[in-house]
Amino acid sequence: MPAPAHTTPGDAALYAFETWAPMLELVRAEHPELCAWSGDYALGAFSLPLAKTSDESEYTVALMDATEPLSSALKDAGRSSISFSVRIAPDGHTVVTPAAESPTTKVHRAFGANGAGHVVLVDGAVPEPVRREPRTYPGRGPAPSADPELLERVLRERMPDAVGATEQELTALEKRLGMPLPPELRAVLTATRAKYGDYGPYGEDDRYERDTTALGGIEQFEADGIERASVADIRKGLPFDFLAREAVVTRPDSPVQGLVAPPEWIVIGDLGGTGDWVAIDLAPGPAGHVGQLVVLSHESDVGAWLLADSITDLVLHGENASPQGETITEPPAAVMVNSAEGMTVEAAATEELEVLGIGHWDTAPSDLSPLVGLPALRTVIAEPGTIADPLVIGRLDHLEYLEIGLDEWQALIAADAVPKSLLAAGISGSDLDRAEVDAVYDTLIRLWGGEGLRTVTIEGDL
């Protein structure tokens, strides 16, 4: 069957049997008895019925060769992953069926067999933590330690052969950022633009080691790499359901606000090659300073921790002995209800509640009636069979993300009780029937005015 009409020209190779055949042959050679199986393939990862370990060099090469056509096809189609099922007849005739797709609405499939993923029902929608704007706390100004003139002088002493940014380069950066440069950042760039190849007497490795030390552990980006966190390539592409689970709290004593990637964070470098980005914070928390340095950890989806009160402070005295001000998710904004936590829905149902998760109880399913009318509740995630009456969900007026079991979704749909406020939806549980999952997603997509799911089959002979 040819590719569906809504695909792009870049999809042609993705729907060609020749693209899939090498990978299918590899699986068949290892498991000739398999006649039906499902898998996922992503750039850099896979979930396939292969038992051999990746540390066997010859096998690793064979695997890379076998999956290279599919990797290339995904890249050409502008995609990063694909889920699919395979059926192989005794005579070798093979049918590959990629997961059904909608021409208007993206279904984010879970990797592996342990989940159904989620669907974003409203085009362009992002979860509340991404939309959250920083607050302005009165009296917050630069730290007493901030001293741009001293900072520039010390950096010139430590890096005497460094090449500073020209006024034209600084002006171009200000134009791109849409704001005047923070005084300490201008001082740093005036002392060194950190451009690769600027240094003569030093080898590049020596230069980076020396400059990183001079800047208190920061690997400074070139001017072209300095950007607002809201447009930088950081925390982008995080699935809706990841951040919908977060309810970040900014405490009264926190120097850093609970945000995801606001424009007020100016990313200037990497913390010693760790993959943690360093940013100048122009919207500090209630106990912070304008221009403080914060670290966006690669292990966290939200928030940041305080590195130093100012760049001058970092350069002269080094970073804080331990991370400070890291924003956290905690009750009463986010609550997990299960037997291990010892929490009930009734106890969790406060006006501050934003995110509620319900795990498996040892007793009866939970009554959701106490949640009705809560003004901040935007996310409910419940394991299958943990809700006493799913129809109560239809009375939760502010829900943006809902993740419940197949039976619960089917009950809501049958009663026309799906909350109209939803931006995205997921299905909980594992080892689910793909046809039932797609039936729910298809119905939700159509309810929100999108075009339903379509599928395609790819056929050939092994």
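Fair warning: this is a prediction, and the values are worked out from it, not measured in the lab. (Residues numbered from 1 in each chain as written. Predicted model: local features only at pLDDT ≥ 70, side-chain atom pairs only at ≥ 80, totals over all residues. Heavy atoms only, no water.)

Caption draft 1: Examining the overall build of the protein more closely. The number of helices and strands found in the protein is twelve helices and 20 strands. Residues classed as buried in the protein amount to 48% of the 462 residues present. Residue pairs in contact within the protein that sit at least 24 positions apart in sequence constitute 62% of those at least 6 positions apart. Put simply, the protein shows about 21,300 Å² of open surface, and 52% of that area lies on carbon and sulfur atoms. (Helix = DSSP H or I, 4+ residues; strand = E, 2+ residues; numbered from the N terminus. Buried < 20%, exposed > 50% of the residue type's maximum accessible area, 1.4 Å probe, protein only. Contact = heavy atoms within 4.5 Å. Areas by Shrake-Rupley, 256 points an atom, 1.4 Å probe, with all protein chains shown as cover.)

Caption draft 2: Geometry of the pairing of strand β17 (residues 379–382). Where burial is concerned, the two faces of β17 agree: the one with Thr 379 and Ile 381 and the one with Val 380 and Ala 382 are both buried. Where β17 and strand β18 (residues 401–404) come together, three bridges link them in parallel fashion. Residue Ile 381 lies in a different strand from β18, and its bridge partner there is Glu 403. (Pairing = 2+ DSSP bridges.)

Caption draft 3: Molecular detail of the nonpolar core. Leu 356, Leu 371, Leu 377, Leu 402 and Trp 409 are the most contacted members of the largest nonpolar core, which totals 39 residues. If you list the elements that add at least two residues to this core, you get β15 (334–337), α10 (345–348), β16 (355–358), β17, β18, α11 (406–414), β19 (424–427) and α12 (434–447). For this core, the element with the most residues is α12, which contributes five residues. Those residues in contact with Trp 409 that lie beyond four places of it in its chain are Leu 402, Ile 404, Val 418, Leu 422, Ala 425, Gly 426, Ile 427, Val 440 and Leu 444. Ranked by size, the runner-up nonpolar core spans 33 residues in total, among them Leu 173, Leu 185, Leu 189 and Leu 314. (Core = buried A, V, L, I, M, F, W, Y, C linked by side-chain atoms within 4.5 Å.)

Caption draft 4: Main features of the sheet that holds strand β4 (residues 93–98). With antiparallel pairing, the five strands of this open sheet are ordered in space as β2-β1-β3-β4-β20. The open sheet has two free edges, formed respectively by β2 (45–47) and β20 (458–461), since each of these has just one partner strand. Strand-to-strand twist of the sheet, defined as the mean angle between neighbouring strand axes without regard to direction, takes the value 20 degrees. Direction of pairing for strand β1 (residues 36–42) relative to β2: antiparallel, over a ladder of three bridges. Residue pairing across strands places Asp 40 opposite Ser 47, the latter belonging to β2. Docked against the sheet, helix α2 (residues 57–76) engages β1, β2 and β3 (81–88), running at close to 70 degrees with respect to β1. (Axes fitted to C-alpha atoms, helices over the stretch in contact; angles between N-to-C directions.)

Caption draft 5: Quick look at the sheet that holds β17. Pairing in this open sheet of seven strands is mixed, and the strands run β5-β6-β19-β18-β17-β16-β15 from one edge to the other. Two strands lie at the open edges of the sheet, namely β5 (107–108) and β15, each paired on one side alone. Bridge count for β16 against β17 is four bridges, and the pairing is parallel. When the sheet's bridge partners are listed, Leu 356 is paired in β17 with Val 380. In this fold α11 packs onto β18 and β19, with an angle of close to 120 degrees to the strand it touches most, β18. Of the strands in this sheet, β5, β6 (118–120) and β19 touch α12, which is tilted by about 165 degrees from β19.

Caption draft 6: Here's a closer look at the pairing of β3. The pairing of β1 with β3 spans seven bridges and is antiparallel. Bridge pairing links Asp 40 to Ser 83 in β3. Direction of pairing for β3 relative to β4: antiparallel, over a ladder of five bridges. Considered in β4, the bridge of Arg 87 is made with Val 95. Hairpin connection between β3 and β4: a loop of four residues separates the two successive antiparallel strands, and Gly 92 in this loop has a positive phi of roughly 95 degrees.

Caption draft 7: Just the environment of Asp 431, in detail. Inspection of the secondary structure assignment puts Asp 431 in the loop between β19 and α12. In this structure the C-alpha to C-alpha distance between Asp 431 and Ala 116, which are 315 residues apart in sequence, comes to 8.5 Å.

Caption draft 8: Expanded view of the packing of aromatic side chains. This model, assessed by the stated rule, comprises four aromatic pairs. On the numbers, 4.9 Å between centres and 75 degrees between planes, the contact of Trp 20 with Phe 84 is edge-to-face. In this pair, Trp 20 sits in helix α1 (residues 17–30) while Phe 84 sits in strand β3, placing the two residues 64 residues apart along the sequence. Classification of Trp 20 as buried rests on a relative accessible area of 0%. (Phe/Tyr/Trp six-rings, centres within 6.5 Å; stacked < 30°, edge-to-face > 60°.)

Caption draft 9: Structural view of the side chain of Thr 105. Of note, Thr 105 is situated in the loop between β4 and β5. Look past the residues within four positions of Thr 105 in its chain and what remains in contact with it is Val 119, Val 120, Leu 121, Ile 445 and Gly 450.

Caption draft 10: Quick peek at α2. Between its first and last C-alpha atoms α2 spans 28 Å; for 20 residues at 1.5 Å apiece the expected length is 28 Å, and the two agree. At Thr 67, α2 shows its maximal bend, which comes to roughly 45 degrees, and the proline Pro 69 appears one to four places after that position. Burial in α2 covers these residues: Tyr 59, Leu 63, Ala 66, Thr 67, Leu 70, Ser 71, Ala 73 and Leu 74. Next to the buried residues of α2 lie α1, β1, β2 and β3. Gly 78, located one to two residues past α2, shows a positive phi value of around 70 degrees. (Expected span 1.5 Å × (residues − 1). Bend = angle between axes of the 7 residues up to and from the residue.)

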